[in-house]
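Each chain, written out:
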Amino acid sequence: MHFLTSFAAESALVPSRVQMAFTLAYHVILVPLGVAFPAYTLLMEGIGIYKKDPVAIRIARRWSVVMAVQFAVGAVTGTILSFEFGILWPRLMGRFGAALGMGFAIEGLAFFLEAIFIGIYLYGWTRLRPRTHFMLGLALPPAGVLGTISVLAANSFMNTPRGITLGSSGQVVSVDVLGALFTPALAYEFWHFLIATYIAAGFLVASIYAVAWLRGRRDHYQRLAFAIPFTIAAILTPAEIIVGDLSARALVADQPAKFAAMEVTWKTRSHNPEVIGGLLNDSGQVNFGISIPSFDSILIGLSPDSVAPGLTSVAANARPTIAEANLTHLAFDAMVGLGSAGVALTVWYFLVLLFRRRLPQSRWFYRAASLAGVGSYAAVETGWVTTEVGRQPWIVYNLMRVSDAVTGASGAFVWSMLSVLIVVYATMAVIAITLLMKLAGRWHREDAGQAPTAPEEGAPYGPRSEIVSARRPRRAKQGMSWIFQSLITAVVAIFGLGVLIVLVIALSFLGLGAVARRSIRGLRRSSSS
Amino acid sequence: MLLLTITAYSVAGGVDYGAGIWDLLAGGGARADRARALIDHAMAPVWEANNVWLVLAIVLCWTGFPLLFQSVFSSLYPLFAFALLGLILRGAFFAFRHLDDSPRTQRPLSVVFGLSSLLAPFFFAAALGAIASGQVAVGGPNIPVWQACISPMSISFGLVSVAATAFIGASFLVGDARRFGMPDMVDYFRRRAVIATVALIVVGTIALIAVGLENSRLFTGMLTGPGAPFAIATVALTPVVGFLHLRGIFRWFRVLSVVVVGSLVIAWGLAQSPYLLPWQLTIAQAGAPLGTEVLLLVVTFCVLVVVLPSLGLLVYFDQRGALGTPEA
């Protein structure tokens, strides 16, 4: 009884953090496919149209269904997240909603657009001319990018809050819209994450066809579906390492405590070793792990004399705890390790491509490739752990603590909500996976010679299958007139142009140049201090 | 500044009502178990729009009125947790039922779907009722949370919402049944629409009494203030719709059902304006700084200019799909 009462009176801080971590980790799984998969599907469709290849069209059509299924699950988990901001962190939104919320408002718009255009894309397979259909689909990748920018704008605000004026009691009195949206961290977070989604989606899709190769399927269909996503992901992987390196360096200036946690550096010093693995203990020593002398300093400022910030440079109550620092460090190492493995795989792939002028034939290559999907997802997750745990104990860096933002609800309430959510999420996962397996089985049988069906029929966002009832038979109408189709194409072209202009403006704010500038500034600061 | 805030409010409110109406439409559909095929068919294009509207409404609320958002969620989180549960179960299970083709699993999926459709409108409206009762304190709860959540007003608002949901859902399904040429279903849903009308009148009366007892200022605002025309519209038109269904007159009934439910919400909104939390927090006090409001207006404008036409296009495709068979 005593246990129960103390349980009920417990603060909601721990369960709220666990719940947020759980639901976000789940949502992050769905994000890469949501953002990047439409681009791969469109590329495949474009190849199909351009080369008049029915196989490519068939692949694109099937991918569009997978896209819709996972977008439906993502819509649900996204809705849950938006409620959790209110249920778990009401004071965060109350105090910073005016600034933090703007990114989410734009994301609401992007999400809306994406939902509608996925619907149009699925409907359009049988109702539009191929070119019109392709043009309409072109709205999807920019919508995904818009969503990515806006959500990361909110996250960057939490990491590097700017553009707000605080009143005497800490409330936000005025907001500079552009300043609060385009905070310093957005420049690197955006590029790092956007490229990550394209890599993860590409490797994941390719890994499925790598497994098919291992099982003996080696036709045009398999080659196409493997090579296109794999090649793009492979090209992007080295670029991601470079952007990641710039991001980490920018952290030296922006969030020294996070950087120190990532490298488990206790005291600010030059000639700082790079520790791989290893755990920090309470007295500031690192146990286990491999230490490369001075390498961290070299990475920061290209010279062993560069100064690396240590955890103790920040007051004990304003930096991650030892456990949090260790988690940040291990997650960071895992991400970098997985990224390096990705680069190795990429080099292997391009060497074979370059010297043999064909796709790799080695079983070991396809074994590695079939792990690349899971591996890149693990890298996305660990990268997200790095940035979130490394910011602790702040929810808005240096302005608001996580413990000041948490709900007044009892711990018991949040724990029970969490357990219900776990059940719901597990059910969703099981059902979605069963569904995809079923689809895969159906497509497999079709390829083995059965009559094909329209894959998108009955999918979420897809056209409705015909109702089974005593309907009056109606005459099937002809396809839309070409005038109407051209009209739609024109409208979408104008829309696409508009989005493109907005994106170009946004991207010029976020140019890679800005990332470079920031990291140089970090470099100067570390060498001058 | 005030003007901008009011504009933002009316837009956010409009979205909110939109979400409400979609929700009602979908939720009511779930009650009728036997006509599952028709419901499935009728709802397919709208169910996902639900979530999107709702997310948009929440996002606009926390950005435009952060303090309101904080106050409401701090006091009423249990209601929102249950509403959320209903919402996600409904969305997920509708999709899965839609895709699943084995009869063995259809039954449990439908049961969960139906139950969750009751949860969402009840708890959302209960939250509105709790706000209207004036029990939500600015910033955080000043009375035990359960007291703020459970009051005659919150419960009766929830019941009204369920009845109104059933009412408008049945009304629309009559229309769909006619469109798809299913005469048996027309009668089936007509009867249900009449029953729902009676239920709506009964719980509506109870709710009005609850409002009168608990928050007489809101009561007078509803009946004599700016909300009066809308309140009267609801009271007068509800029996009219019921009558139309009873006599099988298939004209205007859908528009009128929308008017009934829409004016019900507007009557409440106007009765407590300019307060967001009755008698404590006004629109002007809760509004976000100017810059944010401007951005919200831009976003709202984009929704109107870009999203609505494309939504129209999608609905157009869908209607075509219902008419002609795909020619592939």
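Residues numbered from 1 in each chain as written. Chains lettered and ligands numbered in written order. Predicted model: local features only at pLDDT ≥ 70, side-chain atom pairs only at ≥ 80, totals over all residues.

**Comments concerning the overall build of chain A**
- Helix and strand content of chain A: 17 helices and eight strands.
- Taken over 529 residues, chain A has a buried fraction of 53%.
- Of all intrachain contacts in chain A linking residues separated by at least 6 positions in sequence, the fraction that spans at least 24 positions is 78%. (Helix = DSSP H or I, 4+ residues; strand = E, 2+ residues; numbered from the N terminus. Buried ≥ 20, exposed ≤ 12 C-beta atoms within 10 Å, placed from the backbone. Contact = placed C-beta atoms within 7 Å.)

**Structural notes on the overall build of chain B**
- Per the secondary structure count, chain B includes 13 helices and two strands.
- For chain B, with 328 residues in total, the buried portion stands at 57%.
- A sequence separation of at least 24 residues applies to 78% of the contacts in chain B between residues at least 6 apart.

**Points about the nonpolar core**
- Ranked by internal contacts, the top residues of the largest apolar core, which has 232 residues, are A99, F117 and A206 of chain A together with F80, A83, A127 and A163 of chain B.
- Here this core gets 24 residues from one element, more than from any other, and that element is helix α4 (residues 90–127) of chain A.
- Ignoring any residue separated from it by four or fewer positions in sequence, one finds A127 of chain B in contact with L76, L79, F80 and A83 of chain B. (Core = buried A, V, L, I, M, F, W, Y, C linked by C-beta atoms within 7 Å.)

**Things to note about the confidence of the model for chain A**
All names here are of chain A.
- For chain A, the mean per-residue pLDDT works out to 76, and 82% of the residues sit at or above 70.
- Within chain A, the lowest mean pLDDT, 46, falls on helix α1 (residues 2–9), and the highest, 86, falls on helix α8 (residues 184–214).
- In this model, residues 465–480 is a region of pLDDT below 50 whose contacts with residues beyond four sequence positions or in other chains number 21 contacts. (pLDDT = per-residue confidence, 0-100.)

**As for the environment of G64 of chain B**
- Along the chain, G64 of chain B falls in helix α3 (residues 47–64).
- As for G64 of chain B and F243 of chain B, which are separated by 179 residues in sequence, their C-alpha atoms are 42 Å apart.

**What about the packing of helix α12 (residues 322–356) of chain A against helix α13 (residues 363–389) of chain A?**
All names here are of chain A.
- Across the interface, α12 lies against α13 with an axial gap of 8 Å and an inter-helix angle of 150°. Here α12 lies roughly antiparallel to α13, going by the angle between them. For α12 against α13, the interelement crossing comes out left-handed.
- Grouping the constituent residues of the contact of α12 with α13 by class yields 17 nonpolar, eight polar and one charged. (Axes fitted to C-alpha atoms, helices over the stretch in contact; angles between N-to-C directions. Parallel < 35°, antiparallel > 145°, perpendicular 65-115°, else oblique. Left-handed = near helix turned anticlockwise from the far one by under 90°. Nonpolar A, V, L, I, M, F, W, Y, C, P; charged D, E, K, R; others polar.)

**Let's talk about α4 of chain A**
All names here are of chain A.
- With 38 residues, α4 should reach 56 Å at 1.5 Å per residue; the first-to-last C-alpha distance of 46 Å falls well below that figure.
- The axis of α4 is deflected most strongly, by about 95°, at G97.
- Counting buried positions along α4 yields 37 of 38 residues, so the element is predominantly enclosed. (Expected span 1.5 Å × (residues − 1). Bend = angle between axes of the 7 residues up to and from the residue.)

**Some details on the packing of α8 of chain A against helix α9 (residues 220–254) of chain A**
Residues and elements named next belong to chain A.
- Closest axis-to-axis distance for the α8/α9 pair is 7 Å, and the angle between their directions is 150°. Considering their axes alone, α8 and α9 lie roughly antiparallel with respect to each other. The handedness of the crossing between α8 and α9 comes out as left-handed.
- Of the residues assigned to the contact of α8 with α9, the class counts are 26 nonpolar, six polar and two charged.

**Describing the environment of L330 of chain A**
- Here L330 of chain A lies in helix α12.
- Taking the C-alpha atoms as reference points, L330 of chain A and P32 of chain A, 298 residues apart in sequence, are found 23 Å from one another.

**What about unusual backbone geometry?**
All names here are of chain A.
- Following Q392, the chain continues into P393 via a peptide bond in cis, with omega recorded as 0°.
- Along the chain, P393 turns up in the loop between α13 and β7 (394–396).
- Within the chain, K52 stands out as a residue other than glycine whose phi angle is a positive 50°.
- Within the secondary structure, K52 is located in the loop between α2 (13–50) and α3 (54–88).
- Its 10 C-beta neighbours within 10 Å are what place K52 among the exposed residues.

**Considering α12 of chain A**
- For α12 of chain A, which comprises 35 residues, the first-to-last C-alpha distance of 50 Å matches the rise-based estimate of 51 Å (1.5 Å per residue) to within 8%.
- Where α12 of chain A ends, the next residue or the one after it, R357 of chain A, has phi of about 60°, a positive value.

**Some remarks on the environment of R215 of chain A**
- Position of R215 of chain A among the secondary structure elements: in the loop between α8 and α9.
- Assessed through the 10 C-beta atoms surrounding it within 10 Å, R215 of chain A is described here as exposed.

**A short note on the confidence of the model for chain B**
Residue and element names in this part refer to chain B.
- For chain B, per-residue confidence averages 66 on the pLDDT scale, and residues scoring 70 or more make up 46% of the total.
- Contacts of residues 1–34 to residues separated by more than four positions or lying in other chains number 84 contacts, the stretch itself having pLDDT below 50.
- Throughout residues 322–328 the model reports pLDDT below 50, and contacts reaching past four residues in sequence, or to other chains, amount to 16 contacts.
- As scored by the predictor, the complex reaches a pTM of 0.80 and an ipTM of 0.76.

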